[in-house]
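# Reading the structure
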Amino acid sequence: MELIDGKQISEEIKKEIAVKTSAIIDAGGEPPHLAAILVGEDPASQTYVASKERSCKAVGITSSIYRYPANISEELLLEAVDFLNNDEEVNGFIVQLPLPKHINADKVLQRISPAKDVDGFHPVNMGRLALGLPSYLPATPAGIMLLLEKSGIETEGKHCVILGRSNIVGTPMSLLMSRKSNPGNSTVTLCHSKTKNLSEITRQADILIAAIGQPEFVKADMVKAGAVVIDVGIHRIEDSSEKGYHITGDVDFDAVAPKCSYITPVPGGVGPMTIVSLLLNTFKSFNKEIYF
Ligand code: GUN
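The notes below deal with the structure included here. All values derive from a computational prediction rather than experimental measurement.

## Some thoughts on the nonpolar core
Within the largest apolar cluster, 45 residues are counted, with the highest numbers of intra-cluster contacts made by I61, I144, L148, M177, I209 and I230. For this core, the element with the highest residue contribution is helix α10 (residues 270-286), accounting for seven residues. Beyond its immediate sequence surroundings of up to four residues, I61 is in contact with I17, T21, P32, H33, L34, C56, L279, T282 and F283.

## Looking at the pairing of strand β5 (residues 159-163)
Among the five residues of β5, five are classified as buried, and the element is accordingly described as predominantly covered. With burial as the criterion, each face of β5 is covered, one bearing H159, V161 and L163 and the other bearing C160 and I162. Alignment of β5 against strand β7 (residues 207-210), held across four bridges, turns out to be parallel. Paired with C160 across the strands is I207, a residue of β7.

## Focus: the sheet that holds strand β3 (residues 62-68)
The three strands are arranged β3-β2-β4 in an open sheet whose pairing can be described as parallel. Two strands lie at the open edges of the sheet, namely β3 and β4 (92-95), each paired on one side alone. Adjacent strand axes in the sheet meet at a mean angle of 15°, parallel and antiparallel pairs treated alike. Its contacts with the sheet place helix α2 (residues 43-59) against β2 (33-39), β3 and β4, and it is angled at close to 165° to β2.

## Some words on the sheet that holds β7
Strand pairing in a sheet is mediated by backbone hydrogen bonds. Such pairs are either parallel or antiparallel. Taken together, the six strands give an open sheet; going across it, the order is β1-β11-β8-β7-β5-β6, and neighbouring strands pair in parallel fashion. Because the sheet does not close on itself, it has two edges, and the strands there are β1 (2-3) and β6 (187-191). Note: β7 against strand β8 (residues 228-231), four bridges, orientation parallel. The residue bridging L208 from the neighbouring strand is V229, located in β8. Set on the sheet, helix α7 (residues 170-178) makes contact with β5, β6 and β7; between it and β6 the angle comes to about 170°.

## Describing the site of the ligand
Neighbouring the ligand are V95, Q96, L97, D119 and F121. Here the ligand, which alone exposes 280 Å², has 83% of that area covered by the protein.

## Observations concerning helix α5 (residues 123-131)
All of the buried residues in α5 are N125, M126, R128 and L129. When α5 is viewed along its axis, its buried side chains cluster within an angular range of 160° and face the same direction. Contacts made by the buried residues of α5 are with α7.

## A closer look at the packing of helix α6 (residues 139-150) against α10
Across the interface, α6 lies against α10 with an axial gap of 7 Å and an inter-helix angle of 110°. Relative to α10, the element α6 lies roughly perpendicular. Contacts between α6 and α10 pair A139, T140, A142, G143, I144, L146 and L147 from the former with V270, M273, T274, S277, L278 and L280 from the latter. Classifying every residue of the contact of α6 with α10 gives nine nonpolar, four polar and no charged.

## Topic: the pattern of salt bridges
Tallying each qualifying case throughout the model produces six salt bridges. Across the pair K7 and E11 runs a salt bridge whose closest N-O atoms are separated by 3.2 Å. Here K7 and its partner E11 are both found in helix α1 (residues 6-26), four residues apart, which amounts to about one turn of the helix. Residue E11 is joined to K14 by a salt bridge in which the shortest nitrogen-to-oxygen separation is 4.0 Å.

## What about unusual backbone geometry?
Omega for the bond connecting L97 with P98 falls within 30 degrees of zero, at 5°, which places this linkage in the cis form. With respect to the helices and strands, the residue P98 is situated in the loop between β4 and α4 (105-111). We note that N185 has phi near 55°; this positive angle belongs to a residue other than glycine. By the element assignment, N185 lies in the loop between α7 and β6. You will see that E216, though not glycine, has its phi angle at about 50°, which is positive. Note on placement: E216 falls in the loop between β7 and β8.

## Overview of the packing of aromatic side chains
A full pass over the atoms with the stated rule returns three aromatic pairs. Ring geometry for Y136 against F292: centres 5.9 Å apart, planes inclined by 20°, an arrangement best described as stacked. You can see Y136 sitting in the loop between α5 and α6 and its partner F292 sitting in the segment after α10, a full 156 residues away along the chain. You can call Y136 buried: its relative accessible area is 2%. Judged by relative accessible area, which is 35%, F292 ranks as partly exposed. We note R128 situated over the ring of F292; from NZ or CZ to the ring centre the distance is 4.4 Å. For the cation-ring pair, R236 lies above Y245, with the distance from its terminal atom to the ring centre recorded as 4.0 Å.

Cut-offs applied
Residues numbered from 1 in each chain as written. Predicted model: local features only at pLDDT ≥ 70, side-chain atom pairs only at ≥ 80, totals over all residues. Heavy atoms only, no water. Core = buried A, V, L, I, M, F, W, Y, C linked by side-chain atoms within 4.5 Å. Buried < 20%, exposed > 50% of the residue type's maximum accessible area, 1.4 Å probe, protein only. Helix = DSSP H or I, 4+ residues; strand = E, 2+ residues; numbered from the N terminus. Contact = heavy atoms within 4.5 Å. Pairing = 2+ DSSP bridges. Axes fitted to C-alpha atoms, helices over the stretch in contact; angles between N-to-C directions. Near = heavy atom within 4 Å. Areas by Shrake-Rupley, 256 points an atom, 1.4 Å probe, with all protein chains shown as cover. Arc of directions from axis to C-beta. Parallel < 35°, antiparallel > 145°, perpendicular 65-115°, else oblique. Nonpolar A, V, L, I, M, F, W, Y, C, P; charged D, E, K, R; others polar. Salt bridge = Lys/Arg side-chain N within 4 Å of Asp/Glu carboxyl O. Phe/Tyr/Trp six-rings, centres within 6.5 Å; stacked < 30°, edge-to-face > 60°. Lys NZ or Arg CZ within 6 Å of the ring centre and 35° of its normal.

Put into structure tokens, the structure is as follows:
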């Protein structure tokens, strides 16, 4: 069993990004600029946004956070999106999800200019992804593709089983893995809450990607010997330790890891790659690499 060290792979890519930003600054230019809109006080969202800001700083990308109270009206939030759409100093931005219930998140995401949509959630970017056209790829699936590539994992002709059909992970992941590309060229099965005989299907997986949002859902008897297991989950479980909690994924790591050829740990697997993908998308936006 080999551990896929997302932390180390992400640090290497961040170093490459830092070299590029230094070169821009040394040439007298302004570095890329990523902005984030954060609504309300959701602790997980605050952690994610703070972590994105730290990573930007570490590589020399300018970051700014626009904070709004949880009771902001949809209209004012749409105005904030318009402001960033028109701000020439901002190359790309994200609206951190989830949004409060009184706000229509789809409406907000659709208001983001596709050219600045570095999360890749706008229908134009999702549609381009489905068609195999150049687009901003959603950060978590793009990070997983990078992990597979950098770890030299063969995906062509393999059976890739994905647990979870979210717009953020499962659905775009299924599109990327079935694309005519490397990594890619897999035969993909997308499983969800209504899937029957789930274990029977997961046991057929050469590559199993768990994005189901339930702590330690994937047990050893659901995994074929020699499979590659990618764990997208991040759960904070309270315990009696000094810290008062530990972090676990969607996979029962201790039981599953010995059966795998490769597995991502949690933390230190997919998580750090997600942020790196966002930084790479910001650079793509800065370089106007994608034609809109
Ligand atoms: N909430 C959970 N994951 C994400 C993400 O990748 N982007 C945004 N904007 N919000 C999220």
